[in-house]
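Here is what each chain is made of, one letter per residue.
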Amino acid sequence: MKFLPNTSKEYPLRLFIYWLIIWALLFLYSTVIMLPRISSNGYVVRKDVCLEEAPAGRFGEYTKCIDYGDPYYVPIGKELMNNFKNNGVGSFFVILIVSFVLMGGKRFEEKQSKILAEKYGK
């Protein structure tokens, strides 16, 4: 099975299907990663607030959070909806850029083959 279509007119539908598949896989992955952070009462523990950072690495190339603020809890539904939206929007923009590049290349190839066919009478 070919992953890329034969003509540039087939690109939108095929890449839409690829986007849906990638979106579903990213959402599934983020859900599996979230499972250990779920508390017994149905909330997701988040530790986003970093109070103190310290240099880390052999030569202090990057910083690492050493003291977090108090954890706060987010309902599972809200966290899942947030992951669903973020994964969908992020993967959409990546697929959109890739599809424009590939579709533009295919259109250029079709124009060149049309010009050559007219020039050499094939």
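Higher on the page you've got the structure.
Predicted model, so just to flag it, every value in this text is computed and none were measured. (Residues numbered from 1 in each chain as written. Predicted model: local features only at pLDDT ≥ 70, side-chain atom pairs only at ≥ 80, totals over all residues. Heavy atoms only, no water.)

Comments concerning the overall build of the protein chain
Working step 1: Looking only at helices and strands, the protein chain has two helices and four strands in total.
Working step 2: Counted from the first residue to the last, the protein chain has its helices and strands arranged as α-β-β-β-β-α.
Working step 3: The C-alpha radius of gyration of the protein chain comes to 23 Å, more than 25% above the 14 Å expected for a compact globule of 122 residues.
Working step 4: In terms of overall dimensions, the protein chain has a C-alpha envelope of 75 × 40 × 20 Å along the principal axes. (Helix = DSSP H or I, 4+ residues; strand = E, 2+ residues; numbered from the N terminus. Rg over C-alpha atoms; globule rule 2.2 N^0.38 Å.)

Quick look at the side chain of Asn83
Working step 1: Secondary-structure assignment places Asn83 in helix α2 (residues 76-120).
Working step 2: The class of Asn83 is buried, set by a relative accessible area of 14%.
Working step 3: Apart from residues no more than four positions distant in its own chain, Asn83 is found in contact with Phe27, Ser30 and Met34. (Buried < 20%, exposed > 50% of the residue type's maximum accessible area, 1.4 Å probe, protein only. Contact = heavy atoms within 4.5 Å.)

Overview of a nonpolar patch on the surface
Working step 1: A grouping of Leu13, Phe16, Ile17, Leu20, Ile21 and Leu25 is seen on the molecular surface, where their side chains present a nonpolar patch of about 570 Å² in accessible area.
Working step 2: On the secondary structure map, Leu25 appears in helix α1 (residues 11-34). (Patch = residues over 30% accessible without salt bridge, like charges linked within 9 Å, V, L, I, M, F, W, Y side chains within 5 Å. Areas by Shrake-Rupley, 256 points an atom, 1.4 Å probe, with all protein chains shown as cover. Salt bridge = Lys/Arg side-chain N within 4 Å of Asp/Glu carboxyl O.)

Some thoughts on the pattern of salt bridges
Working step 1: With the rule as written, the count across this model stands at one salt bridge.
Working step 2: Here Glu109 makes a salt bridge to Lys106, at a shortest N to O gap of 3.7 Å. Within this pair, Glu109 and its partner Lys106 are both found in helix α2, separated by three residues, close to a single helical turn.
Working step 3: For Glu109, a relative accessible area of 48% corresponds to the partly exposed category.

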